Protein chains: 2
Amino acid sequence: MTIETLDDLFLHTLKDVLYAERKILKALPKMERKATDQKLKTALLSHRDETEDHVVRLEEVFEILGKPARGAKCDAMVGLIEEAEGLMAEISDPETMDAALISLAQAVEHYEIARYGTLVAWAKQLGLLEAAALLKSTLDQEYGADKALSKLAEQRLNAAAAG
Amino acid sequence: MTIETLDDLFLHTLKDVLYAERKILKALPKMERKATDQKLKTALLSHRDETEDHVVRLEEVFEILGKPARGAKCDAMVGLIEEAEGLMAEISDPETMDAALISLAQAVEHYEIARYGTLVAWAKQLGLLEAAALLKSTLDQEYGADKALSKLAEQRLNAAAAG
C-alpha cells in the first residue's frame with residue numbers, strides 16, 4: 001500500500017488499529033488468568049467486552065469508507081504483547097504479577113489512546129463526522145479504562161502504605 | 001533476571017525505559033529530517049533535548065538504587081520504532097508525512113507516559129521519594145510534549161478547515 005494522501009494514511013492507521021484490537025482480544029484472557037486481585041480480574045474482563053465493541057465500531061468505520069475491514073500488521077502492538085508475555089513468564093509471585101499486569105495493560109491502553117486520538121483528528125479533517133463520533137466513543141472508553149487501572153494501582157499503593 | 005518482588009519489577013522497568021529512551025534518541029534525528037513544517041521540526045528537536053535529560057535522570061535513579069545504568073531490550077519500543085520507520089518509508093508527500101510524524105511521535109509519547117506513570121507509583125510504594133520526584137519531572141515533560149503535538153495537529157486541522 002502506497003500512502004500519498006491523508007485518506008490513505010487514515011485507512012492505513014485504521015487497519016493497524018483493527019489488527020491491534022484483535023491482538024489485544026487474544027491476549028486479554030491470558031492476562032485475566034494470571035491476575036489474582038478480583039478487582040483487577042474484573043477490570044481486565046470488562047476491558048475485553050469493551051474491546052469487542054471497539055472492533056465492531058472499527059468495522060462500521062470501514063463500512064462508511066466502503067472498504068473491507070482488513071487488519072494490517074501493527075509492529076507496535078506485536079512489540080507490546082511480546083513484552084507483556086515475556087514479563088508474565090518471568091514472574092511467579094502473585095502480588096508482583098498483579099502490579100505488572102496493571103502496568104502492561106496501561107501501556108496497551110496508552111498506545112490505543114494515541115491512535116484513536118489521531119484517528120478522531122484525521123476523521124474530522126477529512127469531513128468524516130460519523131466516523132469521528134464512533135472513534136471518539138472508543139477513545140473515551142480507552143481513557144476510562146486507563147483511569148480505572150490507575151485507580152487500582154493507587155489503591156494498592158495506599159494499602160501498602162497502611163500495611 | 002528473575003522478578004520476584006516489586007523492587008525487581010521496578011529495576012526491570014527502569015532498564016526497559018532506559019533502552020527505550022536511548023532508542024528514541026537515535027530515531028528522532030531521522031524524524032526531524034523528514035519533517036517539513038517548521039513548528040514540527042522545532043517540536044521534535046526540543047523533544048530530543050528533553051530526552052537527553054530523561055536519560056540523565058534515569059541514570060540518577062540507577063545511582064540511587066546503587067545499580068549500574070544498563071538498558072534491557074524493550075520489545076514495545078522496538079515495535080514502535082519499526083512501525084515508524086516502515087510508515088516513513090511509504091510516504092513521499094510532505095503534508096502527509098508531517099501528519100504521520102505527529103501521530104508516530106504521539107504513539108511514542110504515550111508509551112513513555114504509561115511507563116513513567118507506573119514508575120512514579122512504584123517508586124512511591126517502595127519509599128524511593130527522590131527517585132519518584134525525578135521520574136515525575138520526566139512524566140510531566142512527556143505530557144507536555146504530547147500536548148504540544150496535539151496542538152500542532154489541531155492547528156493543521158483548523159488550517160485545513162479554513163483552506
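Here the structure is a predicted model, which is why all the values come from computation and not from measurement. (Residues numbered from 1 in each chain as written. Chains lettered and ligands numbered in written order. Predicted model: local features only at pLDDT ≥ 70, side-chain atom pairs only at ≥ 80, totals over all residues. Heavy atoms only, no water.)

Caption draft 1: Geometry of the pattern of salt bridges. Residue and element names in this part refer to chain A. As enumerated under the stated definition, the model contains ten salt bridges over all chains in all. Between E32 and R48 there is a salt bridge, with its nearest N and O atoms 2.8 Å apart. You can see E32 sitting in helix α1 (residues 6-34) and its partner R48 sitting in helix α2 (residues 38-65), a full 16 residues away along the chain. The buried category is assigned to E32, whose relative accessible area is 11%. (Salt bridge = Lys/Arg side-chain N within 4 Å of Asp/Glu carboxyl O. Helix = DSSP H or I, 4+ residues; strand = E, 2+ residues; numbered from the N terminus. Buried < 20%, exposed > 50% of the residue type's maximum accessible area, 1.4 Å probe, protein only.)

Caption draft 2: Structural context of the relation of the copies chain A and chain B. Placing chain A over chain B gives an RMSD of 0.0 Å and needs a rotation angle of 180°, together with 0.0 Å of translation along the axis. Read as a symmetry element, the transformation amounts to a two-fold axis. Among all residues of chain A, the minimum C-alpha distance to the rotation axis is found for G79 of chain A, at 2.3 Å. Here 100% of the contact residues of chain A are again contact residues in chain B; the copies associate through an equivalent surface. (Least-squares fit on C-alpha atoms with pLDDT ≥ 70 in both. Contact = heavy atoms within 4.5 Å.)

Caption draft 3: Structural context of the nonpolar core. Of all hydrophobic cores here, the largest spans 108 residues; its most connected members are L9, M77 and L135 of chain A together with L9, M77 and L135 of chain B. In this view, L9 of chain B contacts L87, I91, T96, A99 and A100 of chain A together with I3 and W122 of chain B; residues no more than four positions away in its chain are not counted. (Core = buried A, V, L, I, M, F, W, Y, C linked by side-chain atoms within 4.5 Å.)

Caption draft 4: View of the interface of chain A and chain B. Taken together, the 41 residues of chain A in the interface contact 41 residues of chain B. Between chain A and chain B, roughly 3300 Å² of surface is buried when both sides are summed, and carbon and sulfur atoms account for 57% of that area. In terms of surface lost to chain B, no three residues of chain A exceed E83, E90 and H110 of chain A, which account for 17% of the buried area on that side. For the interface between chain A and chain B, the tally reads two salt bridges. For the interface between chain A and chain B, the tally reads 15 residue pairs in polar contact (both at pLDDT 80 or more). Sorting the residues of the side of chain A that touches chain B by element identifies α1, α3 (75-90), α4 (94-125) and α5 (129-162) of chain A as the ones contributing at least two each. By residue number, the principal contributor to the side of chain A that touches chain B is α4 of chain A, which donates 17 residues. (Buried area = accessible area lost by both parts, 1.4 Å probe. Polar contact = N/O pair within 3.5 Å; in protein donor to acceptor, adjacent residues only side chain to side chain.)

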